[in-house]
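Working through the structure, step by step
Below are the chains, spelled out letter by letter.
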Amino acid sequence: MRTVVISGASSGIGRATAARFAAAGDRVVNLDVRPPDPADVRGGISWREVDVADWVEVGRAVDEIHAEHGAMDVVVANAGISVRRGVLDIDERTARRVMEVNLLGVLRLWQAAARHMVARRHGVLLATASVNGMRGYPLYADYNATKAGVASLCRTFALELSPHVRVACVSPGAVLTPMQQAEYTEEMLAAVNHQIPAGRHAAPEEIAAAFVYLASDEARFCTGQELVIDGGETAGATTAMHGTAYA
Ligand SMILES: NC(=O)c1ccc[n+]([C@@H]2O[C@H](COP(=O)([O-])OP(=O)(O)OC[C@H]3O[C@@H](n4cnc5c(N)ncnc54)[C@H](O)[C@@H]3O)[C@@H](O)[C@H]2O)c1
């Protein structure tokens, strides 16, 4: 039985990913600021209240999980936040929080886990980046920068930790989760669907499947890479979104 730690598994992509690993018989620990649905706990996914932006808290949680289970096989650094506003309106407090959660949160969780993985010469570090890190997207400048940063962390962690520890990230396009639904009206969601060759948002389970693959031995030659799952969104060029903020 593998020990799999997933941050942000009380909702959306993380929750679907936790369910997939748990269904495969793995021991899954969810690190989230929000409590999970009680059904997830009944299904064997344990929860620890952890803010991934808290460097000390993350280190303590990872060390305790490792001590309790004697292993740390897979980590999925997935917790993330976004706040929709233009570059002229970004405030310092929110921008710093987005960086601390989305970028430094991944760095710290990977680092804390990697210390155990390197000692055991075994482990897989995964994270949720985004196609938003691959090109410009209006109204999410700070968020986009954090996701480019996650892909960059992935490459350097992979180089430093090879060959014993593999590192990869998944970059989803639009996924229908509470994060997306909180900031988009039905009309906005339909407009996004129109820009995606697949004609729709992904379901969280379709991203979870990518994590299951990357964590598996089938992916043993895959490290330092970003796996894009976006329904074809970034396959072509588009300028459709320019000028939407202040034009
Ligand atoms: N939904 C999308 O379209 C989409 C696309 C690309 C990438 N992503 C990324 O996928 C990841 C998951 O997003 P989602 O859409 O499932 O969002 P979500 O809001 O449904 O879930 C995010 C989870 O992270 C938790 N979380 C937030 N801040 C935290 C913190 N500081 N410490 C611990 N937990 C915290 C939340 O409580 C929540 O349970 C994020 O990194 C997001 O940026 C989402």
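This report concerns the structure included in the present document.

A short note on the overall build of the protein
Helix and strand counts for the protein come out as eight helices and seven strands. Computed over its C-alpha atoms, the radius of gyration of the protein comes to 17 Å, within 12% of the 18 Å expected for a compact globule of 247 residues. Summarising its shape, the C-alpha atoms of the protein cover approximately 55 × 40 × 35 Å along the three principal directions. For the protein, contacts bridging at least 24 residues in sequence account for 70% of all contacts bridging at least 6.

What about the pairing of strand β2 (residues 27-32)?
β2 sits mainly inside the fold: five of its six residues count as buried. Note that strand β1 (residues 3-7) and β2 share five bridges and pair parallel. By the bridge assignment for β2, Ser7 is matched with Leu31. Chirality of the crossover, the property in question, places the unit of β1, helix α1 (residues 12-23) and β2 among those that are right-handed. As paired elements, β2 and strand β3 (residues 45-49) share five bridges and run parallel to each other. Note that in β3 the partner of Leu31 across the bridge is Arg48.

A few points about helix α5 (residues 141-161)
Between its first and last C-alpha atoms α5 spans 30 Å; for 21 residues at 1.5 Å apiece the expected length is 30 Å, and the two agree. Within the sequence span of α5, burial applies to Tyr143, Asn144, Thr146, Lys147, Val150, Leu153, Cys154, Phe157 and Ala158. Contact partners of the buried residues in α5: α4 (92-120), β5 (123-128), β6 (165-172) and β7 (225-229).

Quick word on helix α8 (residues 204-215)
Between its terminal C-alpha atoms α8 stretches 17 Å, which fits the 16 Å expected from 12 residues at 1.5 Å a residue. Taken together, the buried positions of α8 are Pro204, Ile207, Ala208, Ala210, Phe211, Leu214 and Ala215. Buried residues in α8, looked at end-on, bunch into an arc of 155 degrees, giving them a common side.

What to know about the packing of helix α3 (residues 55-69) against α4
Where α3 meets α4, the axes come as close as 9 Å, and the angle between the chain directions of the two elements is 30 degrees. Remark: the crossing between α3 and α4 carries right-handed chirality. Counted together, Trp55, Val58, Gly59, Val62 and His66 of α3 and Arg108, Leu109, Ala112, Ala113 and His116 of α4 form the full contact between these two elements. Taken together, the residues of the contact of α3 with α4 break down into six nonpolar, three polar and one charged.

As for the sheet that holds β3
An order of β3-β2-β1-β4-β5-β6-β7 is seen for the seven strands of this open sheet, with the pairing classed as parallel. Of all strands in the sheet, those bounded by a partner on one side alone are β3 and β7. Neighbour-to-neighbour, the strand axes of this sheet turn through a mean angle of 20 degrees, independent of strand direction. Contacts from α5 reach β5, β6 and β7 within the one sheet, and its direction differs from that of β6 by about 165 degrees.

Describing the packing of α4 against α5
It is the contact of α4 with α5, at a shortest axis distance of 9 Å, that shows an interaxial angle of 15 degrees. One element, α4, and the other, α5, form an angle in the roughly parallel class. Of the two possible hands of crossing, α4 and α5 adopt the one that is right-handed. On α5, the residues touching Ala95, Val98, Met99, Asn102, Leu103, Val106, Leu107, Trp110, Ala114 and Val118 of α4 are Asp142, Tyr143, Thr146, Lys147, Gly149, Val150, Leu153, Phe157 and Leu161. For the contact of α4 with α5, the class distribution of residues is 14 nonpolar, three polar and two charged.

Calculation notes
Residues numbered from 1 in each chain as written. Predicted model: local features only at pLDDT ≥ 70, side-chain atom pairs only at ≥ 80, totals over all residues. Helix = DSSP H or I, 4+ residues; strand = E, 2+ residues; numbered from the N terminus. Rg over C-alpha atoms; globule rule 2.2 N^0.38 Å. Contact = placed C-beta atoms within 7 Å. Buried ≥ 20, exposed ≤ 12 C-beta atoms within 10 Å, placed from the backbone. Pairing = 2+ DSSP bridges. Right-handed = clockwise from strand over helix to strand, strands pointing away. Expected span 1.5 Å × (residues − 1). Arc of directions from axis to C-beta. Axes fitted to C-alpha atoms, helices over the stretch in contact; angles between N-to-C directions. Left-handed = near helix turned anticlockwise from the far one by under 90°. Nonpolar A, V, L, I, M, F, W, Y, C, P; charged D, E, K, R; others polar. Parallel < 35°, antiparallel > 145°, perpendicular 65-115°, else oblique.

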